Amino acid sequence: MRLSKKVIAVAMASMMMVSMTACGNSNSEPAAAPAPATPAPAETQAAPAETQAAQAEAETVAASVAETTGEGGTVGVCIYKFDDAFMTTYRNALQEILEGKGYTVTFMDGKNDQAEQNNQINNFIAQGVDALIINPVMTSAADQIIATVKDADIPTVLINREPTAEQMSAYEKLVYVGCDARQSGTMQGELILDTENKGDINGDGKISYIMIQGDPENVDAQYRTEFSVKALTDAGMEVEQLDLQRGDWDRNKGQEIAQNDLAQFGDEIEVVFCNNDDMAIGALQAIQAAGRTVNEDIYLVGVDALDAALNEVAAGNMTGTVLNDAQGQAEGAVAAMEELLGGKTYASGEQSIYVDYVKVTPDNVADFQ
Ligand code: GAL
């Protein structure tokens, strides 16, 4: 049973390789999408003689490919938007790993538009890719995405934006590889608790903070916002939220929000929580422009461990950050994809694979640079 699945996969892969070559490695255009109709599962292939010959050939190929799963297959990767600092690092890591393993890979920019990404997924399906790796634009679109890839019977790895376990349970050839965002929030809180005055710079018995949030539709933004503060209150600290605004993971928005808050609340702000580093770098520009000094009269934390943030942590201009391990997640995503291609299916409730976050402070920053 398992072998026959693999054979089918390989038979389809060989056909698809031809199609992909023919259509010139695709861009977003549906253009010359070959074999558009049904994704022709093996059961519907009738013609005995040709089919048997193809099947026999496929079996031979399968035998040689089995040992080095996936080499030479085609992979479609959908990124929610290319213009995102962390996802750029992640995308580069994915590309290097996939191409290094001999896959033909095409990356599509969803441009933060779910309708556009839906088209891209449909195009990949029409082109007959062997596997999909999808970073959804909207977590709320997960049901639709999962129904689409299930219908096309394409092994799929979701990354970066985690749907619920229930949503994923609709399709057993689907897995999520990412991080548990609660952990990163908790670590941000701990970075503040580890400072000499536990974030209470002015000694008034409470930590007064502003929260610069990512796109709140995304669980990473929700959990980091919640768990960073929860770490403080769990440690018995009193907190005061001066402001919470969405910065959509964007450096310029982080800068604007921090600038306005610094103008409005001034010295009252003791801690600036940013759901990611890009917004923290923006906030740092505003903090410096306002004449404040990180780690002396204000604390600043982010998440991701972007190169720029690591430099600021090393220079003492950020209190700390949390490594969002793009390399580890990319490796995990490719490993999960290869398991799916090898016929593995996932039981409901076991479809999330997590990579750990790591706290980054001036003490260990050199390990990450
Ligand atoms: C987060 C990351 C952000 C942003 C976001 C996109 O995990 O920390 O910087 O890339 O994903 O969904």
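Caption draft 1: The overall build of the chain, seen in detail. Scanning the chain from terminus to terminus reveals 12 helices and 12 strands. Taking as baseline every contact in the chain between residues at least 6 positions apart, the subset at least 24 positions apart corresponds to 75%. When the accessible area of the chain is evaluated, it comes to approximately 16000 Å², of which 48% is carbon and sulfur surface.

Caption draft 2: View of the pairing of strand β8 (residues 271-274). Burial along β8 is two-sided: Val271 and Phe273 and Val272 and Cys274, pointing in opposite directions, are all buried. Bridge analysis of strand β6 (residues 206-213) against β8 gives four bridges, and the strand direction is parallel. Note that in β8 the partner of methionine 211 across the bridge is phenylalanine 273. Direction of pairing for β8 relative to strand β9 (residues 299-301): parallel, over a ladder of three bridges. Within β9, the residue paired with valine 271 across the bridge is tyrosine 299. Chirality of the crossover, the property in question, places the unit of β8, helix α10 (residues 277-289) and β9 among those that are right-handed.

Caption draft 3: Region of the structure containing the packing of helix α4 (residues 114-127) against helix α5 (residues 142-151). Here α4 crosses α5 at 10°, and the two axes come no closer than 11 Å. By the angle class used here, α4 and α5 are roughly parallel. In this structure, α4 contributes Gln114, Gln117, Asn118, Ile121, Asn122 and Ile125 to the contact, and α5 contributes Gln144, Ile145, Thr148 and Val149. Along the lines of polarity and charge, the residues of the contact of α4 with α5 split into four nonpolar, six polar and no charged.

Caption draft 4: Region of interest: the pairing of strand β7 (residues 238-246). Pairing of β6 with β7, which is carried by eight bridges, proceeds in the parallel orientation. Bridge pairing in β7 places tyrosine 209 opposite glutamine 241. For the handedness criterion, the β-α-β arrangement of β6, helix α8 (residues 219-234) and β7 is classed as right-handed.

Caption draft 5: Layout of α5. Those residues of α5 not exposed but buried are Ala142, Ile145, Ile146 and Val149. Angular distribution of buried residues about the axis of α5 spans 95°; they occupy a single face of the element. Check the buried side of α5 and you find it contacts α4, β3 (131-134), β4 (156-159), α6 (165-168) and β5 (174-178).

Caption draft 6: A look at the site of the ligand. Around the ligand lies a shell of 13 residues, among which Asn160, Arg161, Asp220, Arg224 and Asp304 are the nearest. Note that an oxygen atom of the ligand is positioned 2.6 Å from one of the side-chain N or O atoms of aspartate 304. When isolated, the ligand has an accessible area of 310 Å², and the protein chains bury 99% of it. Those elements that provide at least two residues to the shell around the ligand are α3 (85-100) and α8. Across the shell around the ligand, the residue classes break down as four nonpolar, four polar and five charged. When residues are assigned to domains, the shell around the ligand turns out to be shared by domain 1 (73-179 + 326-355) and domain 2 (182-323), each giving three or more.

Conventions adopted
Residues numbered from 1 in each chain as written. Predicted model: local features only at pLDDT ≥ 70, side-chain atom pairs only at ≥ 80, totals over all residues. Heavy atoms only, no water. Helix = DSSP H or I, 4+ residues; strand = E, 2+ residues; numbered from the N terminus. Contact = heavy atoms within 4.5 Å. Areas by Shrake-Rupley, 256 points an atom, 1.4 Å probe, with all protein chains shown as cover. Buried < 20%, exposed > 50% of the residue type's maximum accessible area, 1.4 Å probe, protein only. Pairing = 2+ DSSP bridges. Right-handed = clockwise from strand over helix to strand, strands pointing away. Axes fitted to C-alpha atoms, helices over the stretch in contact; angles between N-to-C directions. Parallel < 35°, antiparallel > 145°, perpendicular 65-115°, else oblique. Nonpolar A, V, L, I, M, F, W, Y, C, P; charged D, E, K, R; others polar. Arc of directions from axis to C-beta. Near = heavy atom within 4 Å. Polar contact = N/O pair within 3.5 Å; in protein donor to acceptor, adjacent residues only side chain to side chain. Domains from an automatic or database assignment.

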